[in-house]
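# Coordinate inspection notes
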Amino acid sequence: MKPLLEMRGITKRFPGVLANDAVDFDVRAGEIHALLGENGAGKSTLMKILFGLYAPDKGSILIDGEPSRVDSPASAIAAGIGMVHQHFMLVPTLTVTENVALGLESQRFGRPDLDEVRARIIELSATYGLTVPPDAYLWQLAVGERQRVEIIKALLRKARLLVLDEPTAVLTPGEVDDLFVTLRRMSNDGQGLIFISHKLHEVLALADRITVMRDGCVAGRTVPAETDREGLAHMMVGRPVKLAPEVAETQDRGVRLSIKGLTVVGDRGTNAVEDLNLDVRGGRILGIAGVSGNGQRELAEAVAGLRPSASGSVTIDGKDITGVGPSTARSSGLAFIPEERMRDGAIGSFTVSENLMLLAHAEPRFSRRGVLHSTAIRNHSQMLVDEYAVKTPDLTTTTSALSGGNIQKLILARELEGEPAVLLAAQPTRGVDIGAAEYIHERLVAQRGRGTAIMVISEDLDEVLALSDEVAVMFEGRVVAVIPRADCTVAELGLLMAGGIGSEAA
Ligand SMILES: Nc1ncnc2c1ncn2[C@@H]1O[C@H](COP(=O)(O)OP(=O)(O)O)[C@@H](O)[C@H]1O
Ligand SMILES: [Mg+2]
């Protein structure tokens, strides 16, 4: 049988980048084909070519074995291709039904009857588990619901092949499960699905086949039964990758960071963190799991001295640092890797060296009576760049020109200098490629080995599980459970993160 879709020798060049380099890719009816790759690998470009948004420089597209000219989204839709974009294309001031109708109207179906559209939405909701309220306005919907509207829109336009570009990036773990149920039902009905992701466990859980892209090329093709997370990471990066750092036995140094009864007011004026208690021991990593927006950001900012706390206390090695501000918190032994690395962690317009010296430049070894000692500064910066493998043309490069992973290594290098008592790392590998993430994890574990108490806040459950000795789950500003790593299951953490009660916490 002919594949539903064949893309042959697709090449696309942008100024300075070969985004797709002779890519061959095919999808059969009834299969979920995952397209996996790091940021910048060329996945979205390939899909935009499929959807007629970009013209390829070379290559051809065949649908049901027949050469097909897909030169606009309208012709892609006419050919049965649907796309759920990374950024939704819906009108907030219209209802769900009106949005779906709008999608139909713009094609060549004539003006649709709203009652009929509404009935079809309800029917599709039932068939595929795509629950949406047809009469609600788009602005009233949660992100997961908006995504379901996009999928319904594509189904109503009779898509036989549906492309989902990073659909899980915006979803909670529970919503991801629901989406996977929907996608499986669709593939059982004979739809072809292209599922784009850079998350290894999702691809392994969902895909029938997997194509891995790296630097614009197909780096490998496989199926879940013949590979695992390490195997996929190897293909993505082009070298063996250790996904879980080796965590050695270390000495327990007792409680070094203690948070007691902490309440923090968020930007909306309500309590973002409420009566929170946590202890972190030296030589241990405490992971904080939670869906974003449950107080993690405000907790980190309060501990780091960037945000006042309404009540409660934060102590480091017994010393109260509540409300002392960021520089005193730092001199009391706190190192901080902020979530907003370009806002709170580094200054984009400064050079690499200036960012590395941001906190140390006033020390006597680097300056005397206001005169900077440039050789000492240069040597010190170079030492940190080398030690932390920061890839930069030189020390005077503007920091904003570095990749996310290299900026994060730079911040890590600066923060871990001088053996902090406590390290608070918020989303330490978000937006960072797998190779840099591996390196950052190794450094965190090494710091654990030196007796620092480490708190890692992350929305990435795999990261939390790979690093932590204990996992605390935050929900609506509170810690709802603290579970030793050995007793954690993804299912239970997911439930707790969504506000459910796990067996441990009950
Ligand atoms: N419209 C564009 N103009 C210039 N360069 C682009 C454009 N779109 C993508 N690129 C570049 O092409 C490469 C592949 O990008 P993309 O297809 O978005 O990757 P992915 O979706 O795998 O993250 C990247 O280097 C990106 O910067
Ligand atoms: Mg993309």
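In this report, the structure presented in the accompanying data block is examined.

Rules behind the numbers
Position numbers for residues count from 1 along each chain, tracking the sequence in the order it is written. All chains are assigned letters beginning at A, and all ligands numbers beginning at 1, according to the order in which they are written. In keeping with the model being predicted, local features are shown solely for residues with a pLDDT of at least 70 and side-chain atom pairs are shown and tallied solely at 80 or more, while totals for entire chains, interfaces and linings include all residues. Exposure is read from a count of other C-beta atoms within 10 Å of each residue's own; the residue is exposed at 12 or fewer, buried at 20 or more and partly exposed in between. C-beta atoms are placed from the backbone. We count a stretch as a helix when DSSP gives it H or I for four or more residues in a row; a strand needs E for two or more, and each element gets its number in order from the N terminus. Using a C-beta atom placed from the backbone for every residue, we mark a residue as near a molecule or strand if that atom lies within 6 Å of it. Throughout, the ten residues Ala, Val, Leu, Ile, Met, Phe, Trp, Tyr, Cys and Pro are labelled nonpolar, Asp, Glu, Lys and Arg are labelled charged, and all others, Gly among them, are labelled polar. Two strands form a pair only when DSSP identifies at least two bridges running between them. Here, residues touch in the contact sense if the C-beta positions derived from the backbone fall within 7 Å of one another. For helices, the fitted axis covers only the stretch in contact; all axes are lines through C-alpha atoms, and the angles between them, taken along N-to-C directions, range from 0 to 180 degrees.

### Let's talk about helix α1 (residues 43–50)
Along α1, eight of the eight residues are buried, which leaves the element largely enclosed by surrounding structure. Along α1, the residues classified as buried are Lys 43, Ser 44, Thr 45, Leu 46, Met 47, Lys 48, Ile 49 and Leu 50.

### Some points on the site of ligand 1
Surrounding ligand 1, one finds Phe 14, Val 17, Ala 19, Gly 37, Asn 39, Gly 40, Ala 41, Gly 42, Lys 43, Ser 44 and Thr 45. Looking at the shell around ligand 1, the elements with two or more residues in it are β2 (17–27) and α1. In terms of residue count, α1 provides more of the shell around ligand 1 than any other element does, three residues in total. Its residues assigned to classes, the shell around ligand 1 comprises four nonpolar, six polar and one charged.

### Concerning the pairing of strand β8 (residues 192–197)
The element β8 is extensively covered by neighbouring structure, given that six of its six residues are classed as buried. On β8, burial covers both faces: Gly 192, Ile 194 and Ile 196 on one face and Leu 193, Phe 195 and Ser 197 on the other are all buried. Of the strand pairs in this sheet, strand β3 (residues 32–37) and β8 are connected by five bridges, and their pairing is parallel. Each residue of the ladder has a partner; that of Ile 32, found in β8, is Leu 193.

### With respect to the environment of Asn 99
Tracing the sequence through the fold places Asn 99 in helix α3 (residues 96–105). For Asn 99 and Gln 191, which are 92 residues apart along the polypeptide, the C-alpha to C-alpha distance reads 23 Å. In this view, Asn 99 contacts Leu 90, Val 91, Leu 94, Leu 138 and Val 149; residues no more than four positions away in its chain are not counted.

### Considerations on unusual backbone geometry
Phi angles above zero are rare outside glycine, and Lys 158 is one such case at about 65°. Looking at the secondary structure, you find Lys 158 in the loop between α5 (143–156) and β7 (161–165). Exposure remark for Lys 158: the 12 C-beta atoms within 10 Å place this residue in the exposed category. Even without being glycine, Asp 215 reaches a positive phi, approximately 50°. Relative to the assigned elements, Asp 215 resides in the loop between β9 (209–214) and β10 (217–222).

### Digging into the sheet that holds β3
The strand order across the open sheet built from six strands is β6-β7-β8-β3-β9-β10, with neighbouring strands paired in mixed fashion. Either end of the sheet is taken by a strand with one partner, and the two such strands are β6 (81–84) and β10. Within the sheet, the average angular offset between the axes of one strand and its neighbour, ignoring direction, is 20°. In this fold helix α6 (residues 173–188) packs onto β3, β7 and β8, with an angle of close to 150° to the strand it touches most, β8. Contacts from helix α8 (residues 229–237) reach β3, β9 and β10, with the element oriented near 35° to β9.

### What about the sheet that holds strand β16 (residues 334–337)?
Sheet architecture is open: six strands sit in the order β16-β19-β20-β13-β21-β22, paired in mixed fashion. In the strand order of this sheet, the two ends are held by β16 and β22 (478–484), each with one partner. Averaged over all pairs of adjacent strands, the angle between their axes in this sheet comes to 15°, without regard to strand direction. Seen against the sheet, helix α17 (residues 490–497) touches β13 (285–289), β21 (470–475) and β22 and runs at an angle of roughly 30° to β21.

### Remarks on helix α9 (residues 296–303)
What sets the pattern is the α-helix's 3.6 residues per turn: residues three or four places apart point alike. Counting buried positions over the eight residues of α9 gives eight, a clear majority of the element. Listed as buried for α9 are Gln 296, Arg 297, Glu 298, Leu 299, Ala 300, Glu 301, Ala 302 and Val 303.

### What to know about the pairing of β9
Alignment of β3 against β9, held across five bridges, turns out to be parallel. Each bridged residue has a counterpart across the sheet, and for Leu 36 the counterpart in β9 is Val 212. Between the end of β9 and the start of β10, which pair antiparallel, lie two residues, with Asp 215 showing a positive phi angle near 50°.

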